[in-house]
Amino acid sequence: MRVFWMSASLCLLLLFVGCPLVGEQVVCTTTLIGDIVSQIAGDGIEVHVLFSPDADPHAFEPRPQDLVMLHRADRIFINGLDLEAGLADILETFGDIVISLSDDLPNLLAGEAEGANHGHATIDPHVWFDPSLVSLWVDVIAETLSELTPSQAPDIRARATDYQLELSALDEWIIIALDQIPPEQRRLVTDHHVFGYFEARYGLEQVGTVFPGLSTLSEPSARDIASLISTITSLSIPAIFVGTTVNASLAEQIAADTGTRVIRLYTGALSEPNGPADTYLSFMRYTVTALVEGLARTP
Amino acid sequence: MLEWLIAPLDYAFMVRGILAAVAVGILCSTVGAFVVLRGMTFIGDALAHAILPGLAVGFLTAGEGNRDSLFWWALATAIVTSLGMGWISERTRFREDAAIGIVFAGMFALGIALISTVRGFSVDLVHFLFGNVLGVSNHDLVLIASFGGTVLLILALFYKELVIVSFDITLARTLRIRAGFYRYLLFVLIAITVVLSLQTVGIGLMLAMLVTPASTAHLLTKRLPSMLLLGSLLGALSGIIGLYLSFYFGVASGAAIVLVSIAFFLIALAATTVGGFVRRTRNA
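Note that the coordinates shown come from a computational prediction; the quantities given were computed from them, not determined experimentally. (Residues numbered from 1 in each chain as written. Chains lettered and ligands numbered in written order. Predicted model: local features only at pLDDT ≥ 70, side-chain atom pairs only at ≥ 80, totals over all residues.)

Topic: the overall build of chain B
Helix and strand content of chain B: 14 helices and zero strands. Helices (α) and strands (β) of chain B occur, in sequence order from the N terminus, as α-α-α-α-α-α-α-α-α-α-α-α-α-α. Compactness check: chain B gives a C-alpha radius of gyration of 20 Å against a globular reference of 19 Å for 284 residues, within 12% of the reference. The principal-axis extent of the C-alpha atoms belonging to chain B is close to 70 × 60 × 30 Å. For chain B, the residues scored as buried account for 46% of the 284 residues in total. (Helix = DSSP H or I, 4+ residues; strand = E, 2+ residues; numbered from the N terminus. Rg over C-alpha atoms; globule rule 2.2 N^0.38 Å. Buried ≥ 20, exposed ≤ 12 C-beta atoms within 10 Å, placed from the backbone.)

Have a look at this one:
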């Protein structure tokens, strides 16, 4: 019996301590950040991701293993701008090793004034929909990782530059792809406001959302839905875009009433590995392809 | 005035929303009369959370896109949970609210535990099932009509037994009514009502409709049949008036309906208070 308890407690200990640590430990909050950091980090750096693929970043609740992961981290990359609001108290205890990628970006957009702000000005956190801003993330990531493993700094800088080239190629590809949408059809209806940066860079116009403001938890009024339906009908909007982590029942009902369709998008997280959007680059291509397919079709 | 009343009905979602709000209002306030009189108003919230483990399993087996199968999982879990609540309160002679509290906390924790073992799961799972009175589909209306109709039919058929078992256990013994069976039946009817309302109109509206119209009616009349009728009327009216307010003043629809039902309650409370005061001063 004693042997049993001893081996049991040993197993438990191993579970929490985990495998021996190889190299520097870097933790990223979202799967998007995790992918980008992995592209730049070399062999000496182990990259962990806190949030799950296919899950809403707003609705994250840490498990003990997640806290163990954070406590072992040498650096923690977060999106910032209150995206990780649920984790704020925990992240605060880690002090300087937390690197917020978006807090110091130029040209940040104000959040929708209605509904979203709780007495203070909110900033739209969905920065990753603009690859030119993600390119600025890459500078911060490369600098941080080089500092962490100075011996690999030249390699890290080289990979970062390569990745930035891929980002600008992506940017050009998006501009060409969106050209297939006639100018008068460049209008978006989404579940909530996620495409602020994308619209600002690529010249699309948000004409309505199913849920008011920046949060999916707010409840619309009958007047909101009636005016959304009028907007969709009068502008002949062909599709409503809804995130995979959002309850789509209301959007589906609006689509059924207006003869449009609902197209599901990944918005805050990548798909499962081997899914259609399992890296940042494929995530953006998937999003743009879905937008073009939804909007370019003549209704 | 007529224009004002008809304009919202141009929208199909308003017509479906009003139908659903009226049907759920009638169903919830009828079942709610038993809930309020037996002092178990906590059961609505408890069942809404206790279905979490069922939702988790349903999610795992069916995939998140399938809301229809989630409804069946939720319904089955709610029925099992309500039977468990009935069983514990029978075995222990605790008040029903203690049994409800124990089972609710246990089931909710079980659901959280299940979810936490699987990565890629949203903690906000319960919200996936919850409906919105503005997003009611034709399928939802069919569900309400069939299940709600069945619940009301069973209530009507066994009305006498359910009333005696609920309020006069001595009489039930004298008449040799199987008290256990009818108590369980009532729990199951409540479970069906709760899940049906959750799926179609959401949690806030369900909680308010289960308790408020029946309580308001209880203030105004002590006779159960008139309490059931008055409660249904108030429940249905709250739904209609609330949706019109939501349409014309841009208030969130669920909140508008709840506030209208609360307004009815406050008016009734004021009326009975003033009425009681007048009667007392006359007698004095």
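The rest of the description comes next.
A look at the overall build of chain A
On a plain count of helices and strands, chain A comes out with 10 helices and eight strands. The buried share of chain A, reckoned over its 299 residues, is 41%. Excluding contacts between residues fewer than 6 apart, the proportion of contacts in chain A whose partners are at least 24 apart in sequence is 57%. (Contact = placed C-beta atoms within 7 Å.)

Here we look at the sheet that holds strand β3 (residues 75-78) of chain A
All names here are of chain A. Spatially, four strands are ordered β2-β1-β3-β4 in an open sheet, and the strand pairing comes out parallel. One side of each edge strand has no neighbouring strand; the edge strands of this open sheet are β2 (45-49) and β4 (98-100). When strand polarity is set aside, the average angle formed by the axes of neighbouring strands in this sheet is 25°. Here β3 runs beside β4; their pairing, made up of three bridges, is parallel. Bridge pairing links Ile78 to Ser100 in β4. Sitting on the sheet, helix α5 (residues 131-148) touches β1 (24-28), β2, β3 and β4, and the angle it makes with β3 is about 175°. (Pairing = 2+ DSSP bridges. Axes fitted to C-alpha atoms, helices over the stretch in contact; angles between N-to-C directions.)

Details of the confidence of the model for chain B
Looking at chain B as a whole, the pLDDT averages 88, with 93% of positions reaching at least 70. Here the predicted complex scores 0.78 on pTM and 0.74 on ipTM. (pLDDT = per-residue confidence, 0-100.)

So, the domain arrangement of chain A
Looking at chain A, the domain boundaries give domain 1 (23-173) and domain 2 (180-296). Summarising the inter-unit geometry, the C-alpha centres of domain 1 of chain A and domain 2 of chain A are found 24 Å apart. (Domains from an automatic or database assignment.)

What about the pairing of strand β5 (residues 187-190) of chain A?
Residues and elements named next belong to chain A. Of the two faces of β5, the one carrying Arg187 and Val189 and the one carrying Leu188 and Thr190 are both buried. By the bridge criterion, four bridges tie β5 to strand β6 (residues 205-209) in an arrangement that is parallel. Bridge assignment links Val189 to a residue of β6, and that residue is Gly208.

Quick word on the environment of Ala41 of chain A
Residues and elements named next belong to chain A. Mapped onto the fold, Ala41 is located in the loop between α2 (31-40) and β2. Remark: the alpha-carbon pair of Ala41 and Asp74, spanning 33 residues in sequence, is separated by 13 Å. The residues touching Ala41, leaving out its near neighbours within four places in the chain, are Val26, Val47 and Leu145.

As for unusual backbone geometry
Unusually for a residue other than glycine, Asp82 of chain A sits at a positive phi of about 70°. Checked against the element boundaries, Asp82 of chain A lands in the loop between β3 and α4 (88-92). The backbone of Arg176 of chain B sits at a positive phi, close to 55°, despite the residue not being glycine. Relative to the assigned elements, Arg176 of chain B resides in the loop between α10 (169-174) and α11 (179-201). Residue classification places Arg176 of chain B among the exposed positions, given that 7 C-beta atoms sit within 10 Å.

As for helix α8 (residues 138-157) of chain B
All names here are of chain B. The terminal C-alpha atoms of α8, which comprises 20 residues, lie 28 Å apart, in line with the 28 Å expected from a rise of 1.5 Å per residue. Taken together, the buried positions of α8 are Asp140, Leu143, Ile144, Gly148, Val151 and Leu155. Along the axis of α8, the buried residues cluster in a sector spanning 95°; they form a single face. With respect to the buried face of α8, the exposed residues turned more than 90 degrees away are Asn138, His139, Val142, Ser146, Gly149, Thr150, Leu153, Ala156 and Leu157. At its buried positions, α8 is contacted by α2 (12-37), α9 (159-167) and α11. (Expected span 1.5 Å × (residues − 1). Arc of directions from axis to C-beta.)

Let's talk about the nonpolar core
The biggest cluster of nonpolar side chains holds 158 residues, and the ones touching the most others in it are Ile36, Val37 and Ile40 of chain A together with Val195 and Met206 of chain B. At 15 residues, the largest contribution of residues to this core is made by α2 of chain B. Each of domain 1 (23-173) and domain 2 (180-296) of chain A accounts for three or more of the residues forming this core. (Core = buried A, V, L, I, M, F, W, Y, C linked by C-beta atoms within 7 Å.)

Here's the deal with the pairing of strand β7 (residues 239-243) of chain A
In terms of residue burial, β7 of chain A counts as a mostly covered element, since five of its five residues are buried. Taking every second residue as pointing to the same face, both faces of β7 of chain A are buried, with Ala239, Phe241 and Gly243 of chain A on one and Ile240 and Val242 of chain A on the other.

Some points on the packing of α2 of chain B against α11 of chain B
Residues and elements named next belong to chain B. Interaxial distance between α2 and α11 falls to 10 Å at its minimum, and their mutual angle equals 150°. Relative to α11, the element α2 is oriented roughly antiparallel. Our pair here, α2 against α11, has a crossing hand that is left-handed. Across the interface between the two elements, Ala20, Ala21, Val24, Leu27, Cys28, Val31, Phe34 and Val35 of α2 pack against Leu186, Leu189, Ile190, Thr193, Ser197, Thr200 and Val201 of α11. (Parallel < 35°, antiparallel > 145°, perpendicular 65-115°, else oblique. Left-handed = near helix turned anticlockwise from the far one by under 90°.)

Describing the packing of α2 of chain B against helix α12 (residues 203-220) of chain B
All names here are of chain B. At a closest axis distance of 7 Å, the pairing of α2 and α12 adopts a crossing angle of 65°. The pairing of α2 with α12 is recorded here as roughly perpendicular in orientation. Between α2 and α12 lies a crossing of right-handed hand. Within the contact between the two elements, α2 uses Val24, Gly25, Cys28, Ser29, Gly32, Ala33, Val35 and Val36 and α12 uses Met206, Met209, Leu210, Val211, Pro213, Ala214, Ser215 and His218. For the contact of α2 with α12, the residue count by class is 11 nonpolar, five polar and no charged. (Nonpolar A, V, L, I, M, F, W, Y, C, P; charged D, E, K, R; others polar.)

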